[in-house]
Amino acid sequence: MKIGILEIQGDIEEHYKATKAAINKLNIEGEVKLVKKQKDIEELDGLIIPGGESTVIGTILKQRGLLDLIKAKYEKGLCVWGTCAGLIVMAKKTYDRVVGEKPQPLLEILDVTVERNAYGRQNESFESDLSIPALGNRPFHAVFIRSPVIKKVGENVEVLAYLNDQPVAVQQGNALATTFHPELTYDTRFHEYFIKLCLKSK
Ligand code: GLN
């Protein structure tokens, strides 16, 4: 099983380490690769799009011809997980809280409408303990950094966790997305959840 971490921008290293730790915990055969070329994407079972800046990630994906490739691979069974900016890149529709609607390159594989920077600026970043039944009873400590808010979800989208009645973790078939950063804590349960999803769809 091969999981790729998109190596464009953002917290790449943290996802790489957390995915390796999750593979060890699950005690399965698996490889984690940093990916940035078309050829790398072809051979993956799962792709993680880290948080960072969604306009940068989307623009570079487009320039490298990866936007259409990832979309096509997703339609053939590739599992994709986006955290924060990664979620934004996966979304069907986005707008910024201050700037409003501005076109940005998106994969459009996740049926959600997202408000970028919805909690405010860096100063308004925060942490919170979430109840995520899919991960068990123990609360999940979640780090929100200039996070988006999911304003609307399509009918095929399952909400895995809420914060203040707003979805913060969602799944639509092989697409998984979180507005927060599980790679920034030592809790690997979300990475394990994604790996299990990849195993199921393989
Ligand atoms: N605010 C960023 C964006 O809109 C996302 C921030 C993050 O990924 N931590 O792309």
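Structure report, in brief. Quick caveat, the model's predicted, so the values are computed rather than measured. (Residues numbered from 1 in each chain as written. Predicted model: local features only at pLDDT ≥ 70, side-chain atom pairs only at ≥ 80, totals over all residues. Heavy atoms only, no water.)

## What about the sheet that holds strand S1 (residues 2-6)?
Here is step 1 of the chain: Strand order in the open sheet made by the 7 strands is S2-S1-S3-S4-S12-S11-S10, with mixed pairing throughout. Each edge of the open sheet carries a strand with a single partner, namely strand S2 (31-35) and strand S10 (158-163). Pairwise comparison of adjacent strand axes, ignoring direction, gives a mean angle of 20° for this sheet.
Here is step 2 of the chain: As paired elements, strand S3 (residues 46-49) and strand S4 (residues 79-83) share 4 bridges and run parallel to each other. Within the sheet, the bridge partner assigned to isoleucine 49 lies in S4 and is glycine 82.
Here is step 3 of the chain: Its contacts with the sheet place helix H1 (residues 12-26) against S1, S2, S3 and S4, and it is angled at close to 165° to S2. (Pairing = 2+ DSSP bridges. Helix = DSSP H or I, 4+ residues; strand = E, 2+ residues; numbered from the N terminus. Axes fitted to C-alpha atoms, helices over the stretch in contact; angles between N-to-C directions. Contact = heavy atoms within 4.5 Å.)

## A few points about helix H3 (residues 54-63)
Here is step 1 of the chain: Taken as a whole, H3 has its buried residues at Ser54, Ile57, Gly58 and Leu61. Seen from one end, H3 has its buried residues packed into an arc of 95°, which puts them on one side.
Here is step 2 of the chain: Elements that come into contact with the buried residues of H3 comprise S1, S3, helix H4 (66-75), helix H5 (85-90) and strand S6 (110-116).
Here is step 3 of the chain: Of the residues one or two after H3, glycine 65 is the one with positive phi, at around 70°. (Buried < 20%, exposed > 50% of the residue type's maximum accessible area, 1.4 Å probe, protein only. Arc of directions from axis to C-beta.)

## With respect to the packing of H1 against helix H6 (residues 189-201)
Here is step 1 of the chain: Contact geometry for H1 and H6: axes closest at 9 Å, N-to-C directions at 70°. One element, H1, and the other, H6, form an angle in the roughly perpendicular class. Remark: the crossing between H1 and H6 carries right-handed chirality. Residues His15, Ala18, Thr19, Ala22, Ile23, Lys25 and Leu26 of H1 form the contact with H6, whose participating residues are His191, Glu192, Ile195 and Lys196.
Here is step 2 of the chain: A per-class count over the contact of H1 with H6 returns 5 nonpolar, 3 polar and 3 charged. (Parallel < 35°, antiparallel > 145°, perpendicular 65-115°, else oblique. Left-handed = near helix turned anticlockwise from the far one by under 90°. Nonpolar A, V, L, I, M, F, W, Y, C, P; charged D, E, K, R; others polar.)

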